[in-house]
Number of protein chains: 2
Amino acid sequence: MQPINRTYAPVQAFVDELARCGVRHAVTSPGSRNAPLALVLAEQPGIEAVSVIDERSAGFVAVGIARATGAPVAVTCTSGTAAANLHPAVAEAREASVPLLVLTADRPPELRDVGAGQSIDQLGLYGSAAKWFHEVGGHEPGRATAVHHRGLACRAVATAAGGRPGPVHLNFPLREPLAPRPEDLDAADWEGRPDGSPWVAVEREPGAGGAAALREWIGGAERGVIVCGEAPGEMAAPAAALAAALGWPLLADPASGVRSGPHDRSHVVAHYDVLLRVEAFAAGHRPERVLRVGEPPVSQSLRAWLAGTDQAVIDPRVTWHDPTREARLVAAGDPATLLAELAGEGGGGDPAWVESWRAADAAVPRALAESPAGFEGAIPAALAPALPDDALLWVAHSMPVRDVEAFLPSTPRPLRVLAARGANGIDGVVSAATGAALGAGRPAHLLTGDVALLHDAGGLISARRAGAELTIVCVNNGGGGIFDFLPVAAAADASAYERHVATPHGVDLAELAALGGLAHRVAATPEEVAGAVATPALVEVRTDRAENVRLHAALVERVAELVP
Amino acid sequence: MQPINRTYAPVQAFVDELARCGVRHAVTSPGSRNAPLALVLAEQPGIEAVSVIDERSAGFVAVGIARATGAPVAVTCTSGTAAANLHPAVAEAREASVPLLVLTADRPPELRDVGAGQSIDQLGLYGSAAKWFHEVGGHEPGRATAVHHRGLACRAVATAAGGRPGPVHLNFPLREPLAPRPEDLDAADWEGRPDGSPWVAVEREPGAGGAAALREWIGGAERGVIVCGEAPGEMAAPAAALAAALGWPLLADPASGVRSGPHDRSHVVAHYDVLLRVEAFAAGHRPERVLRVGEPPVSQSLRAWLAGTDQAVIDPRVTWHDPTREARLVAAGDPATLLAELAGEGGGGDPAWVESWRAADAAVPRALAESPAGFEGAIPAALAPALPDDALLWVAHSMPVRDVEAFLPSTPRPLRVLAARGANGIDGVVSAATGAALGAGRPAHLLTGDVALLHDAGGLISARRAGAELTIVCVNNGGGGIFDFLPVAAAADASAYERHVATPHGVDLAELAALGGLAHRVAATPEEVAGAVATPALVEVRTDRAENVRLHAALVERVAELVP
């Protein structure tokens, strides 16, 4: 693909991807602002573009084509009332379940609502009639922009056509140059997948369709990994079976239900977050394939390592949760079913590959055991054996979820780990743990930091009134510990940082415990934590934020020494 | 007006009111669902209706008429994509500041989104392009329905034309009969004001325009009252001057700044909420005119007494806050300026009228003094003299605002009373009082019930961190005391009522005080309350909900005996 200029190149990548996804028809209406969209659609091989002057008419022409072919049709118009003229057809498409891709050009934000002309508020213009709306945004030229536009095109087509089909609205703020005047851009930045396939293919076939596509993608790859995140259903046994069949390690997020339990855990790697912080290990273990299941784990080191890999995702709800934007295949089936089907076909694998992961994983508990008191990562490790069978553990953001992901060991006893994996807020942790206890009909444990606990101080009253049996372990480092790990801690004015970011509070947790009608216990060591959680209480573990950052770095260094 | 049938009569009232408000042009498009709107607009004397088949064209015809005349133009269409066809003209009207009244017919809720045909989601259809959107709703035939539609028409015209003009969207769900088939309805129910004036006239003239309209409305009325609610600016002195000039009592909401202060308080009535609970007093004091200033007070007895009165409102921001829907004149000017202009013109008045209010008002402190310990209404009365000059008092919903309105005396010392007068929630009271203290740069007092205090338990941490100096008086009756005053208390299952409505909690307020770093003091009598608020603390006043209801009723009975 020869990119024309900074405005056209993203549109070219987008439209190229529409064609790869099977869009065969487009309807254009004239305009200057949407000239890039109209001209690129007109030039695109594989897409037949028809020009209709009146946008209202254009919208209904698109509806007619889509009704006749059953496939998504793109329709583009310029900014202003032109876009409002598409509303009748969008409303009809919503009610009649017709897949439309409505591509409105818009003025960029600095020219909106200031009388710049031909500008109306196009954000969410079609309200509930649009199945999905996305403001495409303004972007610098480069590879990330190409990936954004390619992925967006695939998502728009799959969303318009999937489930109950309907109209999808993408609003493109376009800046000069609006004319196809050539600029010198690097063509390699803008390419799609070299085999001509879509950036992301969505496989929705029920039954074996998804498994077949995955099997083809797996091919004969020996150096693969399976990354299991939170997903509906019980997938521990089939995930373990597939890992064994392929000889791939199973990187198991605590929320996946795969890290712990009575299933075959011989391929489970619990401490991937730590291992992938060890540069030599991460570089020496580049995978040929990554099969992700469910939600992406939180681990930053894992996400960084995944960038640029060949990924497929088993995602039953087609959430498009792929911050790496690398997944080329999304299988929409049930994880347990698909994993079992793939495992049943057997495989092969290189025993040395999984063994090197297994050996490295064992280094982390060794390093943890050597770590001095005061390291927060030791708390989840101490907690795991102290919890009852099938315990319900709610884990607060931001540090506790990271520490649990990094340090919670793999054990044969089942453990249900829950967290705010949606929007990752620190809010409502006590209330959510209360709800989990009420919903499951058994006691719950909450592992939280002090800021999250204070944020939901009123939740202690809710828990008490509701009669939920809660044991709270609060890592109290007098503020938001995660911020000490971030560049802001060093770069900001120290006093402003403490007051407005770290937010030490000076609250005595004994007072919070009293409010919740809970015993208050202070635990200094991992052993004391384990002993303190046997009965409902607020267990306070006091640590020091700066010291914890130092101990975390020291532990990763020690693991680097221990890794074979 | 001869009402046609249950569907047409409200539309007739609405359209009649459009004509009274000066709408002279309408554009109709054909349809069955909007036949009532189109046919009534066509028949309305004073309105010229033009028929345009295509709704998109109709919208632009309306824009053209409005641009040429400068006056609001009504445009109506049937349900479904017809309404979406108006979107381009609505967008143009928003950007060009053109007053449009977009009257879309819709299917009623039970026929929406179920494939009933010609139905799309019309709620908020034009998004941010509409200056105001209102779902008109379905209503039983009767006087209240007529008032709703008449008031709505006035509001729609004033909103479209006022400030920066623009399009207003009203969505009319219409049920059968859609044809003008006569039914037997009482014509009196549907009439507008007999003199042909609009239900509500909005006077926006700067300077003396509003005062002239108000002066004409006041006429020679002797038995008038002024009701002062919360409003921007300082209006105590001009309000007092107008009350003196007219010989009208000044019913002063604590939030108005008129109840207390160094101004002339000779006409101030503080305890109107109690007096108007005395049936004989309320019936014997029906006013000829009610001049309201600012927000309506909370008092239910006042609101009930205002129903059916001849009202005008000085409302600088044209909020349309008139739950009685009786106001016939809204003056949009600055309260202090308008009140001073009216006061300057002098007046007359019947000395016996204001004297009877004044004497009755004096009965309430007498009855309060006789009331036994445990009556919550005595707390605001005790608090007022104990607060520092110019104190900042945040008052929580639901009972404290009512008790303050009913029992806070009128004193010469200024007192700033604030409350959640917007949405009247019990949430965030500690945080809001904290913000008031920070914003005013001086300590604040908070009068709250226990449920509101517990609701914002975390606010105690915010207050402490922010260094706000708070004194909290908490009336702790172990639950939501207001509910005991409501029919639900007697009508519901007693156990479910306590658990799910009254919500006693068993929390020791000493624990909350500790959380906020506040001293905890228990005060049993009004005198002890007065003594306890001298320095920052959480002052707990324990009462009994059921006993308080009894004492409240007894107090009103005693006032009834004492009122001359």
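Residues numbered from 1 in each chain as written. Chains lettered and ligands numbered in written order. Predicted model: local features only at pLDDT ≥ 70, side-chain atom pairs only at ≥ 80, totals over all residues.

Asker: I tried to follow the environment of Gly192(A) on my own but got confused; where do I start?
Answerer: All names here are of chain A. Structurally, Gly-192 is set in the loop between strand S6 (167–173) and strand S7 (201–203). When the C-alpha atoms of Gly-192 and Ile-472 are compared, they prove to be 50 Å apart, with 280 residues separating the residues in sequence. Setting aside residues no more than four positions away along its own chain, Gly-192 makes contact with Asp-16, Glu-17, Arg-20, Arg-150 and Trp-199. (Helix = DSSP H or I, 4+ residues; strand = E, 2+ residues; numbered from the N terminus. Contact = placed C-beta atoms within 7 Å.)

Asker: Any chance you could explain the relation of the copies chain A and chain B here in plain terms?
Answerer: With an RMSD of 0.0 Å, the fit of chain A onto chain B corresponds to turning through 180° and sliding 0.0 Å along the axis. Overall, the copies show the geometry of a two-fold rotation axis. Most of the interface of chain A is mirrored in chain B, where 97% of its interface residues again form contacts. (Least-squares fit on C-alpha atoms with pLDDT ≥ 70 in both.)

Asker: When you look at the domain arrangement of chain A in this model, what are you seeing that I'm missing?
Answerer: By a frequent convention, interface size equals the accessible area lost on bringing the separate parts together. Residue and element names in this part refer to chain A. Along its sequence, chain A is organised into domain 1 (8–190), domain 2 (201–364) and domain 3 (371–562). The distance between the C-alpha centroids of domain 2 and domain 3 comes to 28 Å. Tallying the contact residues gives 23 residues for domain 2 and 22 residues for domain 3. Class assignment for the residues of the side of domain 2 that touches domain 3 results in 12 nonpolar, four polar and seven charged. (Domains from an automatic or database assignment. Nonpolar A, V, L, I, M, F, W, Y, C, P; charged D, E, K, R; others polar.)

Asker: What is the right way to look at helix H13 (residues 351–370) of chain B in this model?
Answerer: Residues spaced three or four apart along an α-helix face the same direction, because each turn holds 3.6 residues. All names here are of chain B. Given a rise of 1.5 Å per residue, 20 residues ought to cover 28 Å, and the 30 Å separating the end C-alpha atoms of H13 matches this to within 8%. For H13, the set of buried residues is Trp-353, Val-354, Trp-357, Ala-360, Asp-361, Ala-363, Val-364, Ala-367 and Leu-368. Down the axis, H13 shows its buried residues gathered within 165° of arc, on one side only. Facing away from the buried side of H13, by more than 90 degrees, are the exposed residues Pro-351, Ala-352, Ala-359, Arg-366, Ala-369 and Glu-370. (Expected span 1.5 Å × (residues − 1). Buried ≥ 20, exposed ≤ 12 C-beta atoms within 10 Å, placed from the backbone. Arc of directions from axis to C-beta.)

Asker: Would you mind going over the sheet that holds strand S5 (residues 132–135) of chain A with me for this structure?
Answerer: Hydrogen bonds between backbone groups are what pair the strands of a sheet, and the pairing can be parallel or antiparallel. Residues and elements named next belong to chain A. One open sheet holds the six strands; their spatial order is S2-S1-S3-S4-S6-S5, and the pairing between them is parallel. One side of each edge strand has no neighbouring strand; the edge strands of this open sheet are strand S2 (48–51) and S5. On average, each strand axis in the sheet is tilted by 20° relative to the strand beside it, whichever way the strands run. Here four bridges tie strand S1 (residues 25–28) to S2, and the two strands are oriented parallel to one another. Counterpart to Thr-28 in the pairing with S2 is Ser-51. (Pairing = 2+ DSSP bridges. Axes fitted to C-alpha atoms, helices over the stretch in contact; angles between N-to-C directions.)

Asker: What is the right way to read the nonpolar core from this model?
Answerer: Leu100(A), Ile226(A), Ala239(A), Leu100(B), Ile226(B) and Ala239(B) are the most contacted members of the largest nonpolar core, which totals 374 residues. Apart from residues lying up to four places away in sequence, Ala239(A) is in contact with Ile226(A), Cys228(A), Leu250(A), Val258(A), Val293(A) and Leu339(A). (Core = buried A, V, L, I, M, F, W, Y, C linked by C-beta atoms within 7 Å.)

Asker: Which parts of the structure should I look at to understand the packing of helix H14 (residues 378–386) of chain B against helix H15 (residues 399–407) of chain B?
Answerer: Helix packing geometry: the angle between the two helix axes and the distance between the axes. Residues and elements named next belong to chain B. At a minimum axis distance of 8 Å, the contact between H14 and H15 shows a crossing angle of 65°. Classified by the angle their axes make, H14 and H15 are roughly perpendicular. In this structure, the crossing between H14 and H15 has a hand that is right-handed. Across the interface between the two elements, Ile-379, Pro-380 and Ala-381 from H14 touch Asp-403, Val-404 and Phe-407 from H15. (Parallel < 35°, antiparallel > 145°, perpendicular 65-115°, else oblique. Left-handed = near helix turned anticlockwise from the far one by under 90°.)

Asker: So what exactly am I meant to see when it comes to the interface of chain A and chain B here?
Answerer: Taken together, the contact pairs 29 residues of chain A with 28 residues of chain B. Listing elements by their share of the side of chain A that touches chain B, those giving two or more residues are helix H4 (81–85), helix H5 (87–96), helix H17 (450–455), helix H18 (457–466) and helix H21 (509–515) of chain A. Per element, the largest residue contribution to the side of chain A that touches chain B is six residues, and it comes from H5(A). For the side of chain A that touches chain B, the class distribution of residues is 13 nonpolar, nine polar and seven charged.

Asker: Would you mind showing me how to read the pairing of strand S3 (residues 73–77) of chain A here?
Answerer: Residue and element names in this part refer to chain A. Among the five residues of S3, five are classified as buried, and the element is accordingly described as predominantly covered. A two-sided burial pattern is seen for S3, the buried positions comprising Val-73, Val-75 and Cys-77 on one face and Ala-74 and Thr-76 on the other. In terms of strand pairing, S3 meets strand S4 (residues 100–106) through five bridges, oriented parallel. Looking across to S4, one finds that Ala-74 is bridged to Leu-101.

Asker: Explain the environment of Val401(B) here, please?
Answerer: All names here are of chain B. With respect to the helices and strands, the residue Val-401 is situated in helix H15. Along the backbone, Val-401 and Arg-421 are 20 residues apart, and their C-alpha atoms lie at a distance of 9.5 Å. Residues contacting Val-401, with those up to four places away along its chain left out, are Val-298, Val-395 and Ala-419.

Asker: Help me out: how do you make sense of the sheet that holds strand S19 (residues 538–542) of chain B in this one?
Answerer: All names here are of chain B. With parallel pairing, six strands are arranged side by side in an open sheet as S15-S14-S16-S17-S19-S18. Both edges of this open sheet fall to strand S15 (415–419) and strand S18 (520–522), since each of them pairs with a single strand only. Averaged over all neighbouring strand pairs, the angle between strand axes comes to 20°, with direction disregarded. Sheet topology places strand S16 (residues 444–449) next to strand S17 (residues 470–476); six bridges connect them, and they run parallel. Looking at S17, one finds that His-445 is bridged to Thr-471. Against the sheet, H15 engages strand S14 (391–395), S15, S16 and S17, with an angle of about 110° to S16.

Asker: Teacher, can you tell me more about the pairing of strand S17 (residues 470–476) of chain A here?
Answerer: A regular strand places its side chains on the two faces of the sheet in alternate fashion. Counting buried positions over the seven residues of S17(A) gives seven, a clear majority of the element. Residues of S17(A) alternate between two faces, with Leu470(A), Ile472(A), Cys474(A) and Asn476(A) on one and Thr471(A), Val473(A) and Val475(A) on the opposite face, all of them buried.

Asker: Can you help me understand unusual backbone geometry in this one?
Answerer: Cis geometry marks the peptide bond from Glu176(A) to Pro177(A), where omega comes out at 0°. The omega torsion across His397(B) and Ser398(B) is 0°, close enough to zero to call that bond cis. As for its placement among the helices and strands, Ser398(B) is situated in the loop between S14 and H15. Although it is not a glycine, Gln118(A) sits at a positive phi angle of roughly 45°. Within the secondary structure, Gln118(A) is located in the loop between S4 and S5. In this model, Arg325(A) sits at a positive phi of 60°, which is unusual for a non-glycine residue. With respect to the helices, strands and loops of the structure, Arg325(A) is situated in the loop between strand S12 (311–314) and strand S13 (327–331). Residue classification places Arg325(A) among the partly exposed residues on the basis of 16 C-beta atoms within 10 Å.

Asker: Help me out: how do you make sense of the packing of helix H8 (residues 236–246) of chain B against helix H12 (residues 335–344) of chain B in this one?
Answerer: Residue and element names in this part refer to chain B. As a packed pair, H8 and H12 sit with axes 8 Å apart at the nearest point and diverge in direction by 30°. The orientation of H8 with respect to H12, classified from their angle, is roughly parallel. The handedness of the crossing between H8 and H12 is left-handed. Where H8 abuts H12, its residues Pro-238, Ala-239, Ala-241, Leu-242 and Ala-245 lie against Ala-336, Leu-339, Ala-340, Leu-342 and Ala-343. Looking at the contact of H8 with H12, its residues break down into 10 nonpolar, no polar and no charged.

Asker: What exactly am I supposed to notice about the confidence of the model for chain A here?
Answerer: Note that predicted coordinates carrying low pLDDT should not be read in detail. For chain A, the average pLDDT comes to 95, and 99% of its residues sit at 70 or higher. The ipTM, which scores confidence in the relative placement of chains, is 0.88 for this predicted complex, and the corresponding pTM is 0.92. (pLDDT = per-residue confidence, 0-100.)

Asker: It is not clear to me how the environment of Ser398(A) should be interpreted in this structure. Could you clarify?
Answerer: Residue and element names in this part refer to chain A. C-beta crowding within 10 Å serves as the criterion here: with 19 such atoms nearby, Ser-398 is assigned to the partly exposed category. Taking the C-alpha atoms as reference points, Ser-398 and Thr-448, 50 residues apart in sequence, are found 8.7 Å from one another. The contact partners of Ser-398, leaving out residues within four places of it in the chain, are Ile-426 and Ile-482.

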